[in-house]
Amino acid sequence: MATKLSRRHFLAGTAGLTLGFTVDLRLPRSARAQGGPLKANVWVTIAPDGTVTIVAPSVEMGQGSMTGMPVIVAEELDADWAKVKVVPAPMNRAYGNPGFGGLQVTGASRSTPGFWMPLRLAGAQARRVLLDAVAAEWKVPVAELTTEPHVVVHAPSARRIGYGDVTKFAKVPAQLPNVTAADLKKSDQFRLIGKSLPRVELPDKVMGRAKFGIDAEVPDMVIATVLRGPSQGDAPDRVDDGAAKQVPGVGAVVPLPWGVGVVGSGYEAVQKGKAALKVTWKKGKAAGYDSERVRGDYAGVAASLSKKGVVAHEQGNAPRALGTAARTFEAAYVSDHVYHATMEPMNAVARVTADTAEVWVPTQAPSINQLAVAGALKIPPEKVTIHPQLIGGGFGRRLENDFVLDAVMLSKAVGKPVKVIWAREEDVKHTKYRPLVAQYLRAGLDENGNLSAWHHRIVGASIYARFNPRLFEALKGADTPVIEGYELSYAVGNQLQEYLREERGLDVGLWRSVGPGYTKFAIESFVDEIARGQRIDPLQFRLRLLAHNPRAGAVIRRVADWAEWDRKRPAGRALGIAFSDTWRSYIASIAEVSLDKKTGVIRVHEVWSVVDPGVAIQPDNIVAQIEGATTFGVSAALRERVVIEDGVVKNSDFHDYPLLRMSEAPEINVRVVSTNNAPGGIGEVGLPPVAPAIGNAIFVLTGKRLRSLPMSPDRVMAALRT
Amino acid sequence: MKLSVNGSQVDVAAAPDETLLWVLREKLKLTGTKFGCGMAQCGACTVHIDGKAARACQVRMAAVEGKKVTTIEGLLPDGNHPLQRAWIEEQVLQCGYCQSGQIMQAAALLRETPRPTKAQIVQHMNGNLCRCGTHGRIVRAIQRAAGGLGSSGCVAPCSKAVSPWPRNSRAATSSPARPA
Ligand code: FES
Ligand code: FES
């Protein structure tokens, strides 16, 4: 998507906010007491004992950015990692992600790509502050100074001084030195990048000492939960709280526009109070929503070619090329709603006074929360402070404001700090699911068997129209997260990709690898089908279509070697392959799969993935992210499915929304190929190839194409009967 | 109500039908034990009661009166259990939210079966969910803690491209918090 995103685009519905923003390495600093720590810039503080404190701008939710981001700074600062202390970024626009127009938001695999250059420059600038100070003190030209880890060296006079000692005389100049890309290390000079340093926050986590959001506590805090209606968007009509107020420990019952809050002394008390509420509801716009019916509707829209969508991408003339093609293929795909299932339930602590609000919350989006809270309380955003906490799983769920506003409105109502904790069931039933999406693909081959035409139609509800209306408008309705992954690395001359927005009343939201979770399923299943249709090895077919793209070809070739693509598997097992190119990282995955034909249960035995993320900053963390996303992807591909009937979500907890367990998890093999390209995203990269690799293997086993997600046993059995 | 928590006798004001999980978290301020589902579905709340793994979200206070409860904060007095070290060495954790429960569940296994097979590990750990998908590393860490790893740091076949962690990674060693 070429559209350039500005900060303004992310400030949906927040008129009057006028912060211009770039990553500014020259923000003013307060003067320093002589002998105290040296604040070289907003990212780096150096203490006289040599301890270097580096700010980690992205929130830590398991993706490792609390380590991976500071490593980038430390590399250019030439710091000794053993002397580095990491602190999470407070709420401050200086730490916004340029990839989100300068907002403090963590998600969409944008931390590494967005912060890569700014953090390198920040580290180089801090180093330069030290060099300038030493040059002045020793009266030598700065060009004669170099650094070794944590030491400034003047080779001509054989003098050395540790970073801590430099702070004893260094002054931070009024105007911080200007550094450019020319001042940065070459990749062969990296000492930390590429080395897999242990993650900084893990010791606290294994000790049970790390404080997640749900562990936050402020003085005089009370506990609360919120009852929501049977369907999304229902509003309380009549509330009978007589019995609820009798429950020991329940202090107050507070009607909110979106539910009824119960406030009390502890989680169990407020849950009991909630169960004792009698509420009638005014139906919201999701009343009557039926996910099975919507599947059918959307599939119909996808296949009705007379109905045109928003053009996401067009080159050549795909319809005409299809008309003249020697051979054509077509296929339709549908994917159900899925749920995030973060292990830490939704929670937030809010302390609201007459004109301020403070919120301690495990959030991916402090900046979005700040604006939402300000809007809800009708106070200026500067009066709202968000304290981001450690996150027990994000996956896009924690980009929403619902749990934050629960805490804020209840704190305002009872005049005390309030911690809201959602029960698991409340999150299963009231989150914003990944959209249900239908896709229709058709393609044409010319007389030489080359892919000459490609037409991809994606039908589903919009995320941005609700979540970020201004951005939705700026994108002219091409809803990035919904359609992401549609872009083709494959060489096809004539292409048309369209998005057809269809709303049926249910609000939908972000998820781990939102769009590519299903667009790559469709694309990679379809490419496989076209290859097999011509009796060409699907791996070779992909290589042919990627001849112009060496990075893509390399990951495919390597994974084929590693998994021994050509080796025959034991009876009943087969391999499938898929490729993905989202978030500027390349990955190819092969799955070894079997199927119980009596029950329709698919088993994924082993997955091999080779990933080229550009410069691999923390290789083992990349391995871990791909392992995690692969497991997440297998779980989603085989069984995850939210069913909604008459507006009511049928699932309620892990027994009827079962996640993949250890006994079902495949062996996962990941290889990271570090290349000298700007680093791409990584948190979501492992997921898109999983489902199509599985489906493609099932075709080898059965001759049947599975075109619905999840590939649940009932659907597998139905396909086997066709 | 009197019971032993992490080796200390505590007397906590709690009703017999209150749940151990919430008494630990809210009254004893031992927040290392996590709430994930409240329905015995996830294992995030796993603690030991008289040495056996139990789901704290399913245990009423009446059932633990006079018993010995151990939480992640009290797994070893110095907080340096072989499993905790192995968890760091294998860099198991992602978000880490499920991991107190995973470690407590694994510790109960190793107490009964010091050298478990992979199948025994999987069977014993299967009730503990991890949404971040750390299953493979959990198995490896348990094997490592049980002394089952060769010098390569891998259990054959070892296909990972990344070398194992130095034994002296920055494991923290200060004492765990204790209830008063
Ligand atoms: S919280 Fe006890 S098993 Fe999930
Ligand atoms: S590490 Fe996040 S749920 Fe297990």
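Residues numbered from 1 in each chain as written. Chains lettered and ligands numbered in written order. Predicted model: local features only at pLDDT ≥ 70, side-chain atom pairs only at ≥ 80, totals over all residues. Heavy atoms only, no water.

Time to look at the overall build of chain B. The helix and strand inventory of chain B stands at 5 helices and 5 strands. For chain B, the α and β elements follow one another from N to C terminus as β-β-α-β-β-β-α-α-α-α. Looking at chain B as a whole, 61% of its 180 residues are labelled buried. When contacts within chain B are restricted to residue pairs at least 6 apart in sequence, long-range pairs at least 24 apart make up 60% of them. (Helix = DSSP H or I, 4+ residues; strand = E, 2+ residues; numbered from the N terminus. Buried < 20%, exposed > 50% of the residue type's maximum accessible area, 1.4 Å probe, protein only. Contact = heavy atoms within 4.5 Å.)

This part takes up the overall build of chain A. Helices and strands together make up the secondary structure of chain A, namely 21 helices and 28 strands. A globule of 722 residues ought to have a C-alpha radius of gyration of about 27 Å, and chain A, at 27 Å, matches this closely. Overall, chain A is about 80 × 70 × 45 Å in size when its C-alpha atoms are taken along their principal axes. Contacts in chain A between residues far apart in sequence, at least 24 positions, make up 75% of those at least 6 positions apart. Element-wise, carbon and sulfur atoms account for 52% of the exposed surface of chain A, whose accessible area totals about 25500 Å². (Rg over C-alpha atoms; globule rule 2.2 N^0.38 Å. Areas by Shrake-Rupley, 256 points an atom, 1.4 Å probe, with all protein chains shown as cover.)

Glancing now at the domain arrangement of chain A. All names here are of chain A. The domains assigned to chain A are domain 1 (13-206), domain 2 (213-285 + 346-421) and domain 3 (291-337 + 433-721). In this structure, domain 1 and domain 2 have C-alpha centres spaced 37 Å apart. On the side of domain 2, 16 residues touch domain 1, which itself brings 13 residues to the contact. Here domain 1 and domain 2 share an interface that buries about 1300 Å² over both sides, 71% of which is from carbon and sulfur atoms. One can count 0 salt bridges joining domain 1 with domain 2. The interface formed by domain 1 and domain 2 includes 3 residue pairs in polar contact (both at pLDDT 80 or more). (Domains from an automatic or database assignment. Buried area = accessible area lost by both parts, 1.4 Å probe. Salt bridge = Lys/Arg side-chain N within 4 Å of Asp/Glu carboxyl O. Polar contact = N/O pair within 3.5 Å; in protein donor to acceptor, adjacent residues only side chain to side chain.)

Residues and elements named next belong to chain A. Tracing the backbone through its elements, the reader meets Val361 in strand β16 (residues 357-361). Residue Val361 is classed as buried on the basis of its relative accessible area of 0%. Among residues more than four places away in sequence, those in contact with Val361 are Asn347, Ala348, Asn369, Ile386, His387, Pro388, Gln389, Phe403 and Val404.

What follows is about the sheet that holds strand β6 (residues 151-154) of chain A. Residues and elements named next belong to chain A. Pairing is antiparallel in the open sheet, where 3 strands are placed in the order β5-β6-β7. For this open sheet the edge positions go to β5 (145-148) and β7 (159-162), each flanked by a neighbour on one side alone. Direction aside, neighbouring strands of the sheet carry axes that sit 25° apart on average. Here 4 bridges tie β5 to β6, and the two strands are oriented antiparallel to one another. Paired with Thr147 across the strands is Val152, a residue of β6. Sheet contacts for helix α3 (residues 111-138): β5, β6 and β7; angle to β5, the most-contacted strand, approximately 130°. (Pairing = 2+ DSSP bridges. Axes fitted to C-alpha atoms, helices over the stretch in contact; angles between N-to-C directions.)

Along the chain, Leu709(A) connects to Pro710(A) via a cis peptide bond; the corresponding omega equals -5°. Along the chain, Pro710(A) turns up in the loop between β28 (708-709) and α21 (713-721). One non-glycine residue, Phe395(A), lies in the positive phi region at around 55°. Along the chain, Phe395(A) falls in the loop between β17 (384-388) and α11 (402-414). Looking at Phe395(A), the relative accessible area reads 11%, which means it is buried. Phi is positive for Ala40(B), close to 60°, though the residue is something other than glycine. Within the fold, Ala40(B) resides in the loop between α1 (20-27) and β3 (46-49).

All names here are of chain A. For strand β3 (residues 52-56), a buried count of 5 out of 5 residues is recorded, marking the element as mostly surrounded by other parts of the structure. Burial along β3 is two-sided: Val52, Ile54 and Ala56 and Thr53 and Val55, pointing in opposite directions, are all buried. Note: strand β2 (residues 44-46) against β3, 3 bridges, orientation antiparallel. Bridge pairing links Thr45 to Thr53 in β3. Sheet topology note: the β3/strand β4 (residues 84-88) ladder contains 5 bridges and is parallel.

Residue and element names in this part refer to chain A. Mapping Gly477 onto the fold places it in the loop between α14 (469-474) and α15 (480-483). On the basis of relative accessibility, which here comes to 10%, the residue Gly477 falls in the buried class. In sequence terms Gly477 and Val311 are 166 residues apart; their C-alpha atoms lie 9.1 Å from each other. Apart from the residues lying within four places of it in its own chain, the contact partners of Gly477 are Val310, Phe472 and Tyr499.

Moving on: the packing of aromatic side chains. Under the definition given, this model contains 14 aromatic pairs over all chains. What links up through ring pairs into an aromatic cluster is the set Trp43(A), Tyr95(A) and Phe115(A). Over the ring of Trp562(A) we find Arg671(A); its NZ or CZ atom is 3.9 Å from the centre of that ring. For Arg131(B), the ring lying beneath its charged end belongs to Phe632(A), and the centroid distance is 3.8 Å. (Phe/Tyr/Trp six-rings, centres within 6.5 Å; stacked < 30°, edge-to-face > 60°. Lys NZ or Arg CZ within 6 Å of the ring centre and 35° of its normal.)

Another point: α21(A). Inspection of α21(A) places Arg715(A), Val716(A), Met717(A) and Ala719(A) among the buried residues, and these make up the whole buried set. The elements touched by buried residues of α21(A) are α8 (291-303), β23 (586-596), β24 (601-612) and β28 of chain A.

Once that is clear, we can look at the domain arrangement of chain B. All names here are of chain B. Per the domain assignment, the segments of chain B are domain 1 (2-75) and domain 2 (82-162). Summarising the inter-unit geometry, the C-alpha centres of domain 1 and domain 2 are found 23 Å apart. With 18 residues of domain 1 in contact, the opposing surface of domain 2 contributes 14 residues. Taken together, the two surfaces of domain 1 and domain 2 that pack against each other cover about 1400 Å², and 55% of this comes from carbon and sulfur. Contact with domain 2 buries area across many residues of domain 1, yet His48, Ile72 and Leu75 alone supply 33% of it, more than any other trio. At the surface where domain 1 touches domain 2, the tally comes to 1 salt bridge. Two residues, Lys52 and Glu112, come together in a salt bridge whose shortest N-O distance is 3.6 Å. One can count 8 residue pairs in polar contact (both at pLDDT 80 or more) joining domain 1 with domain 2.

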